[in-house]
Every structure is written in C-alpha cells, then in structure tokens.
Amino acid sequence: MSTIRHHPRAETLASYASGRLDEARSVVIATHAASCDACRTAIRDFEALGGVCLQAAEPVAMNPSAMARFWARAGRQDAGHAPASSRAANDFDLARAR
C-alpha cells in the first residue's frame, strides 16, 4: 500500500464539501478521499460545519414573485428535444424499475 504524500488544500476540501467544485475536480477529490482518512475526516467536518451554519442562519422570506419567475424560466425549455428514453444503455427498463 502506498503512502499518500500530497493532499488537497483545506479550501479545496471545503469547496468539495459544499458542492462548489466543478465535476472534474469533484471526481479527483472524491477519489483521493476514498483512500485518505485525513481528508475524508476533513470533508465530514466541513459538511458538519456547513450544516451548523445553515441551522443557525435566520430564515429570510422569499420574494413573492420568486415561484412565478422560476416557472416562467422552467417553461422556456426547448420543445424540440425528444423526451428522455426509458431504456438505459444496458437495456434495463427504467420504467419497470420504479
């Protein structure tokens, strides 16, 4: 078994824990954390800290028009796209799996 000598910076681990990294960097950090107890622990700590911060935050009322604006944007989807297939690449029927 090899010894890990290089670790991501704490800021990178915090960004990973908060979901702020792009997909490629997230894969790199997840792969590293799978083999590194110290970084895995740091990620769990950052996730816990984020949860505490969310619980401590005062709720703020949404703008009354926020939901209408969301649906207006969601309704602008291109109707020209074909619907998603209910068959996975391995021919597993997704509709029957539900």
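In this numbering scheme, every chain counts its residues from 1 along its sequence in written order. Given that the model is predicted, a residue must reach a pLDDT of at least 70 before its local features are reported, and side-chain atom pairs must reach 80 or more before they are shown or counted; all residues, however, enter totals for whole chains, interfaces and linings. Hydrogens and water are ignored here; the side-chain numbers use all heavy atoms of the structure.

Thoughts on the overall build of the chain
Turning to step 1, where the next piece is worked out: Across its full length, the chain carries five helices and zero strands.
Turning to step 2, where the next piece is worked out: Taken from N to C terminus, the helices and strands of the chain fall in the order α-α-α-α-α.
Turning to step 3, where the next piece is worked out: Of all 98 residues assigned to the chain, the portion counted as buried reaches 12%.
Turning to step 4, where the next piece is worked out: Taken as a whole, the chain presents about 8,500 Å² of accessible surface, with 57% of it coming from carbon and sulfur. Comment: elements are numbered from the N terminus, with helices defined as DSSP H or I runs of at least four residues and strands as E runs of at least two. Each residue is placed in one exposure class: buried if its accessible area under a 1.4 Å probe, protein chains only, is under 20% of its type's maximum, exposed if it is over 50%, and partly exposed if it falls in between. Per-residue and other accessible areas follow the Shrake-Rupley method at a 1.4 Å probe size, with only the shown protein chains counted as cover for residues.

A short note on the packing of aromatic side chains
Turning to step 1, where the next piece is worked out: Only Phe, Tyr and Trp rings are paired, with Trp represented by its six-membered ring, and only when their centres lie within 6.5 Å; those with planes under 30 degrees apart are stacked, over 60 edge-to-face, the remainder tilted. The full count for this structure, using the stated rule, is one aromatic pair.
Turning to step 2, where the next piece is worked out: Note on Phe-70 and Trp-71: the rings are 4.9 Å apart at their centroids and 70 degrees apart in plane angle, and the pair reads as edge-to-face.
Turning to step 3, where the next piece is worked out: Of the residues examined, Trp-71 reaches a relative accessible area of 55% and is grouped as exposed.

A short note on the confidence of the model for the chain
Turning to step 1, where the next piece is worked out: Chain-level statistics for the chain give a pLDDT mean of 84 and a share of 74% at 70 or above.
Turning to step 2, where the next piece is worked out: For every residue, the predictor reports its confidence as pLDDT, a number between 0 and 100. The least confident element of the chain, judged by mean pLDDT, is helix H5 (residues 94–97) at 56; the most confident is helix H1 (residues 10–17) at 97.

A word on helix H2 (residues 23–35)
Turning to step 1, where the next piece is worked out: With 13 residues, H2 ought to run about 18 Å at 1.5 Å a step, and its terminal C-alpha atoms sit 19 Å apart, in line with that.
Turning to step 2, where the next piece is worked out: Residues Ile-29, His-32 and Ala-33 constitute the buried set of H2. All buried residues of H2 project into a common sector of 100 degrees when viewed along the axis, lining one side. In H2, the exposed positions angled more than 90 degrees off the buried face are occupied by Glu-23, Ala-24, Thr-31, Ala-34 and Ser-35. Multiplying one less than the number of residues by 1.5 Å gives the expected span of a helix. Note: the arc covers the axis-to-C-beta directions of the helix.

Observations concerning the nonpolar core
Turning to step 1, where the next piece is worked out: Grouping buried Ala, Val, Leu, Ile, Met, Phe, Trp, Tyr and Cys residues that are joined through side-chain atoms within 4.5 Å yields what is termed a nonpolar core. Of all hydrophobic cores here, the largest spans eight residues; its members are Leu-13, Leu-21, Ile-29, Ala-33, Cys-36, Cys-39, Ala-42 and Ile-43.
Turning to step 2, where the next piece is worked out: For this core, the secondary-structure elements that each account for two or more residues are H2 and helix H3 (37–56).
Turning to step 3, where the next piece is worked out: If you tally residues by element for this core, the top one is H3, at three residues.
Turning to step 4, where the next piece is worked out: Any two residues having at least one pair of non-hydrogen atoms within 4.5 Å are treated as being in contact. If we skip the residues at most four places from it in the chain, Ala-33 touches Arg-40 and Ile-43.

A closer look at the packing of H1 against H2
Turning to step 1, where the next piece is worked out: Inter-axis angles, ranging from 0 to 180 degrees, are taken between N-to-C directions of lines fitted to C-alpha atoms, where helices are fitted over the stretch in contact. Contact pair H1 / H2: the axes reach a minimum separation of 10 Å and the direction vectors enclose 105 degrees. Taken together, the axis directions place H1 and H2 in an arrangement best described as roughly perpendicular. Side by side, H1 and H2 meet where Thr-12, Leu-13 and Tyr-16 of the first sit next to Ser-26, Ile-29 and Ala-30 of the second.
Turning to step 2, where the next piece is worked out: Residue composition of the contact of H1 with H2, by class: four nonpolar, two polar and no charged. Working rule for angles: under 35 degrees goes down as roughly parallel, over 145 as roughly antiparallel, 65 to 115 as roughly perpendicular, anything else as oblique. Ten residues, namely Ala, Val, Leu, Ile, Met, Phe, Trp, Tyr, Cys and Pro, are considered nonpolar, four, namely Asp, Glu, Lys and Arg, are considered charged, and the remaining ones, Gly among them, are considered polar.

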